[in-house]
Amino acid sequence: AIFGSNLGSSSSRELAVSASSSLPLCPAMAEKLNEMIGSADCVFFDMSSCPYCRMAEDALTAKGIAFKKVPIADYKPALRELTGKTSAPSVWIKGTYVGGCNDGTEPWHGVKPMLASGKFEEMMKA
């Protein structure tokens, strides 16, 4: 299954990998990703050499938003199946994918645009 632009237009779409889904993903990896996504209100899949990760991290830190930083490498195959993307960062709020630094799979995605619009904080408080 290819997701990318097929995620629909729901602004609050919650994504989850299911071990029983038809995705060609091993159940253990799907479970590991689900556990990590659910492990904090904001989960930030990071790559240390990525300048976009640093920009998104700096923007979150400047706003005083707490997040759990996780190395993305072990999760890339599962993230690809789930979001259609393997780019870093991959940011999740309360189980909902919200994109990377500047964009994502929905027009409202991206850490920096969401911080500018207030959507990031709104989702964190929900």
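Residues numbered from 1 in each chain as written. Predicted model: local features only at pLDDT ≥ 70, side-chain atom pairs only at ≥ 80, totals over all residues. Heavy atoms only, no water.

### Quick notes on the nonpolar core
Membership of the largest hydrophobic core comes to 34 residues, with the highest contact counts inside it found for L33, F45, W92 and F120. Among the elements of the structure, α1 (27-37), β1 (42-46), α2 (51-62), α3 (76-83), β3 (90-93), β4 (96-99), α4 (111-117) and α5 (119-125) are those that each provide at least two residues to this core. Once residues within four sequence positions are removed from consideration, F120 is found in contact with C42, L60, I65, V91, I93, V98, V111, M114 and L115. (Core = buried A, V, L, I, M, F, W, Y, C linked by side-chain atoms within 4.5 Å. Buried < 20%, exposed > 50% of the residue type's maximum accessible area, 1.4 Å probe, protein only. Helix = DSSP H or I, 4+ residues; strand = E, 2+ residues; numbered from the N terminus. Contact = heavy atoms within 4.5 Å.)

### Let's talk about the sheet that holds strand β2 (residues 68-71)
Taken together, 4 strands build an open sheet; the order of strands is β2-β1-β3-β4 and the sheet is mixed. Either end of the sheet is taken by a strand with one partner, and the two such strands are β2 and β4. For this sheet the average axis-to-axis angle between neighbouring strands, irrespective of direction, equals 25°. For β3 and β4, the ladder comprises 3 bridges, and the chain directions are antiparallel. Paired with I93 across the strands is T96, a residue of β4. (Pairing = 2+ DSSP bridges. Axes fitted to C-alpha atoms, helices over the stretch in contact; angles between N-to-C directions.)

### So, the environment of A88
For A88, the position within the fold is in the loop between α3 and β3. A relative accessible area of 14% places A88 in the buried class. With 12 residues separating them in the primary sequence, A88 and K76 have C-alpha atoms 9.3 Å apart. Those residues in contact with A88, other than ones at most four positions away along the chain, are F45, M47, C50, Y52, C53 and I72.

### Describing the pairing of β3
With burial as the criterion, each face of β3 is covered, one bearing S90 and W92 and the other bearing V91 and I93. Where β1 lies against β3, 4 bridges are found, and the strand directions are antiparallel. Paired with F45 across the two strands is S90, which belongs to β3. Connecting β3 to the antiparallel partner β4 that follows it, the hairpin turn spans 2 residues, and K94 within it adopts a positive phi of roughly 45°.

### Details of the packing of aromatic side chains
Counted under the stated rule, the structure contains 3 aromatic pairs. The interplanar angle of 55° and the centroid separation of 5.2 Å between the aromatic rings of W92 and Y97 together place this pair among those described as tilted. Each of the two residues, W92 as well as Y97, counts as buried. Looking at K32, its charged tip hangs above the ring of Y75, at a distance of 5.1 Å from the centre. Its guanidinium or amino end placed over the ring of W108, K119 lies 5.3 Å from that ring's centre, counting from NZ or CZ. (Phe/Tyr/Trp six-rings, centres within 6.5 Å; stacked < 30°, edge-to-face > 60°. Lys NZ or Arg CZ within 6 Å of the ring centre and 35° of its normal.)

### Section: α1
All of the buried residues along α1 are A30, L33, M36 and I37. Buried residues of α1, seen end-on, are gathered within an arc of 130° and therefore sit on one face of the element. Exposed side of α1, more than 90 degrees from the buried face: A28 and E35 are the residues found there. Check the buried side of α1 and you find it contacts β1, β2, α3 and β3. (Arc of directions from axis to C-beta.)

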